[in-house]
Amino acid sequence: MSVTETVLKHLEKFSGTDQVRKDLNIDLFGEKLLDSLASIELVLALSEDFGLDLAPGEIEREEWATPQKIIDYFEARVKQG
Amino acid sequence: MHLIEQIDSWSQSHPGRIAHISGDTTLTYQQLTSQSNKLAQHLLTAFPNDHSPIALLGHKQTEMLAGFLGCIKAGHPYIPLDSSLPTQRVEAIVRTADATLLTVDQLKEIIANTDVPDNFKIHAPKIGNPWYIIFTSGSTGIPKGVTITRRNLENFLEWILDEQDFKEAGEVFLNQAPFSFDLSVMDLYSSLATGGTLFSVSKDEIAEPKKLYKSLGSSGVTVWVSTPSFARLCLMDINFSEKMMPHLRKFWFCGETLAPEIASTLLERFPNAEVWNTYGPTEAAVATTSILITKEIIAKYRPLPVGRPKPGTLVEVHAEDGQPTPSGERGEIIIAGPNVSPGYVNQMEATSKAFFILDDQRAYHTGDWGHVQDDLIFFDGRMDFQIKLNGYRIEIGDIESNLHTVSNVQDAVVILAMKNERADYLAAFVILKSRPEQTDFEIMREMKKQLGERLPDYMMPRKFVFLSEFPTTPNGKVDRAKLAETLQ
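Trainee: Report on unusual backbone geometry, specifying residues and quantitative values.
Mentor: All names here are of chain B. Of note, the bond from Arg302 into Pro303 is cis; its omega dihedral lies within 30 degrees of zero at 0 degrees. We note that Ala169 has phi near 50 degrees; this positive angle belongs to a residue other than glycine. As for its position among the elements, Ala169 is in the loop between helix 6 (150-164) and strand 8 (172-175). Of note in the backbone geometry, Asp374 takes a positive phi value of approximately 55 degrees without being a glycine.

The structure is reproduced here in structure tokens:
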């Protein structure tokens, strides 16, 4: 599964709407689609799927503000290995 | 000694000790006494011979503490309201309690512009008078205000200060819960009564994990007071351990079920800290039972026990006939004693339904299932549609009633989605009166907007599902179990 699809699959589950697929620039926090607990759970779920060792405390909220930003973040991390 | 005198005594013995840290702002005990006296003086002048409640609207600002104590010193019970509450809910609370509303900005202005005369005298509440009123979710959509008297609060404090053995003028208490949630009473008054420092984390910090962990790491917290959900959130970062918070010596939980996995992970990551589980409804002043959770307890019991009753309070599990159940048998948890509230403010019917007299003591029907085993009390869930989500007490009926006021809603049912046997999120199943030319997301966004004017964020369903009809049980009721299955 591609990085994009993996991120969107989890994001759809945590936000409860498929709008995150339709609008990759939607403001996840502004639209209240993610709260702090859901965003930390999302970090952990994606870290596990990508085999990365991410700590929620390392991530800036701004880096996770839209689906596209999360996809970009993980594409960069996966490339780094 | 009267509790308010006990709190003020720290400004004499330790005037420079920090009473409250909130973000970059600190408040010493001397400032707390001075500011609370100013507010009391203002209230005594503005409302002579009046003891009606004062609703204080703010978040974790240091002026809120001065506000609470100022109200008490002027003989008014206070109603703590968090600024995250929507305006309509604040208005409903103020109306129900027949209260005067003061915002934190008004508190700041009063503190800045009030002089306290030399003959200033405290008019603190007598033993049976109300100290605070905390509003909880009400099943009909109108919040219920639980009155807690000075007797209730002092009785609770006497117990915990004896049991927990806090160091005088030596502890730093974590304040995670908003002041509008009675869990905060546990850290607020334990701290103020012992000359401790209250360390508040704000909702903005909680919303941004990076800030939260940084703040916790530099807090110096020695006593952790939170819901188990908040500890679970923190534990998701592997760096949350004794190394991050080396002074932490006690985790003290209330507000919801403590999962064994959370307790055991805490004991692993904080080998020098104790983990305490407590239980109690707002109606019986914060907590009524407690237990120190050890590795042995975790190995022996699932779910974990909520402990033994505090001295002087009766906690029993009753069968439908009002008699105590045999050991191991499920029934309703009943609490009777000096910590039980006089009732709901201006809600006689709700009060007479929930409160009664047992063995000459004021008693409360918790509506909680429980059982007794090995002389320990166990909480087995709710008898009705009240739920706990992230520590917040929510009546499903409260959300459903408010959903019915949203335009174009014909019928609505709210379900708590579960994940690994824990409460995960709320889902609303909605039948629309007519289907507009909009996507589901656009309809949901409009509903959230309208609902957000009435309900706090923690009561907002995460997911909205639009249906043409609800599945029903053979007797014609909405089949909630079937709706819940669709969320798996």
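Trainee: Please give an account of the sheet that holds strand 23 (residues 409-419) of chain B that cites residues and values.
Mentor: All names here are of chain B. A sheet is described by the order of its strands in space; here three strands give the open sequence 23-24-25, paired in mixed fashion. What marks the edges here is a single partner per strand, and that holds for strand 23 and strand 25 (463-467). In this sheet, neighbouring strand axes are inclined to one another by 25 degrees on average, regardless of whether the strands run parallel or antiparallel. Across five bridges, the pairing between strand 24 (residues 422-432) and strand 25 is parallel. Paired with Ala427 across the two strands is Lys463, which belongs to strand 25. Against the sheet, helix 14 (residues 396-403) engages strand 23, strand 24 and strand 25, with an angle of about 150 degrees to strand 23.

Trainee: So, the pattern of salt bridges: which residues are in play, and what are the values?
Mentor: Residue and element names in this part refer to chain B. The tally for this structure, following the rule as stated, stands at 23 salt bridges over all chains. Here Lys73 and Asp8 are joined by a salt bridge, their closest N and O atoms 2.9 Å apart. One end of the pair, Lys73, is in helix 3 (residues 62-73); the other, Asp8, is in helix 1 (residues 3-13), and 65 residues separate them in sequence. Here Lys73 matches Asp8 in class, with each residue buried. With a shortest N-O distance of 3.0 Å, Glu261 and Arg302 are connected by a salt bridge.

Trainee: So what's going on with the interface of chain A and chain B? Residues and values would help.
Mentor: As a measure of interface size, the accessible area lost when the parts come together is often cited. Opposite the 23 residues of chain A that make contact, chain B presents 22 residues. Note on chain A versus chain B: buried area summed over both sides is about 2,100 Å², and carbon and sulfur give 54% of it. Along the contact surface separating chain A from chain B lie five salt bridges. The closest approach of N and O atoms between Arg445 of chain B and Glu31 of chain A, which form a salt bridge, is 2.5 Å. At the boundary of chain A with chain B, the tally comes to eight residue pairs in polar contact (both at pLDDT 80 or more). The element that contributes the greatest number of residues to the side of chain A that touches chain B is helix 3 (residues 36-50) of chain A, accounting for six residues. A breakdown of the residues in the side of chain A that touches chain B according to their chemical character gives ten nonpolar, six polar and seven charged.

Trainee: So what's going on with helix 7 (residues 183-193) of chain B? Which residues, and what values?
Mentor: Within helix 7 of chain B, eleven of the eleven residues are buried, leaving the element largely enclosed by the surrounding structure. Within two residues after helix 7 of chain B, Gly195 of chain B carries a phi angle of roughly 70 degrees, on the positive side.

Trainee: Residues and numbers for the domain arrangement of chain B, please.
Mentor: Residues and elements named next belong to chain B. Here chain B is described as being made up of domain 1 (3-373) and domain 2 (394-485). Using only C-alpha atoms to locate each centre, domain 1 and domain 2 end up separated by 31 Å. Both faces combined, the contact of domain 1 with domain 2 buries some 990 Å², and carbon together with sulfur accounts for 44% of it. The interface formed by domain 1 and domain 2 includes one salt bridge. Its salt-bridge partner being Asp398, residue Arg89 comes within 2.7 Å of it at the nearest N-O pair. At the junction of domain 1 and domain 2, the tally comes to five residue pairs in polar contact (both at pLDDT 80 or more). Among the elements that line the side of domain 1 that touches domain 2, the one with the most residues is helix 4 (residues 87-97), at three residues. Of the residues in the side of domain 1 that touches domain 2, the class split is three nonpolar, seven polar and two charged.

What counts, and where the lines are drawn
Each residue is numbered by its place in its chain's sequence as written, counting from 1. Chains carry letters and ligands carry numbers; both start at the beginning, A for chains and 1 for ligands, and go up in the order they are written. In keeping with the predicted nature of the model, local features appear solely for residues at pLDDT of at least 70, side-chain atom pairs appear and are counted solely at 80 or more, and the whole-chain, interface and lining totals rest on all residues. Side-chain numbers come from the whole structure's heavy atoms, not from hydrogens or water. Under the DSSP-based scheme used, a helix requires at least four consecutive residues in state H or I and a strand at least two consecutive residues in state E, with every element numbered from the N terminus. Strands pair, by our definition, only if DSSP identifies at least two bridges between them. Here an angle of 0 to 180 degrees is reported between the N-to-C directions of two axes, which are lines fitted to C-alpha atoms, with helices fitted over the stretch in contact. Contacts between residues were defined by any pair of non-hydrogen atoms, one from each residue, lying within 4.5 Å. A carboxyl oxygen of Asp or Glu within 4 Å of a side-chain nitrogen of Lys or Arg is what we treat as a salt bridge. A 1.4 Å probe rolled over the protein chains alone gives each residue an accessible area, and that area as a share of the maximum for its type sets the label: buried under 20%, exposed over 50%, partly exposed in between. Buried surface area refers to the total accessible area, computed with a probe of radius 1.4 Å, that the two partners give up upon joining, counted for both partners together. Two N or O atoms count as a polar contact when they lie within 3.5 Å, although within protein this holds only if one can serve as hydrogen donor and the other as acceptor, and sequence-adjacent residues are included solely when both atoms are side-chain atoms. Three categories are distinguished: nonpolar for Ala, Val, Leu, Ile, Met, Phe, Trp, Tyr, Cys and Pro, charged for Asp, Glu, Lys and Arg, and polar for the others, with Gly belonging to the last. Throughout, the edges of the domains are those of an automatic or database domain assignment.

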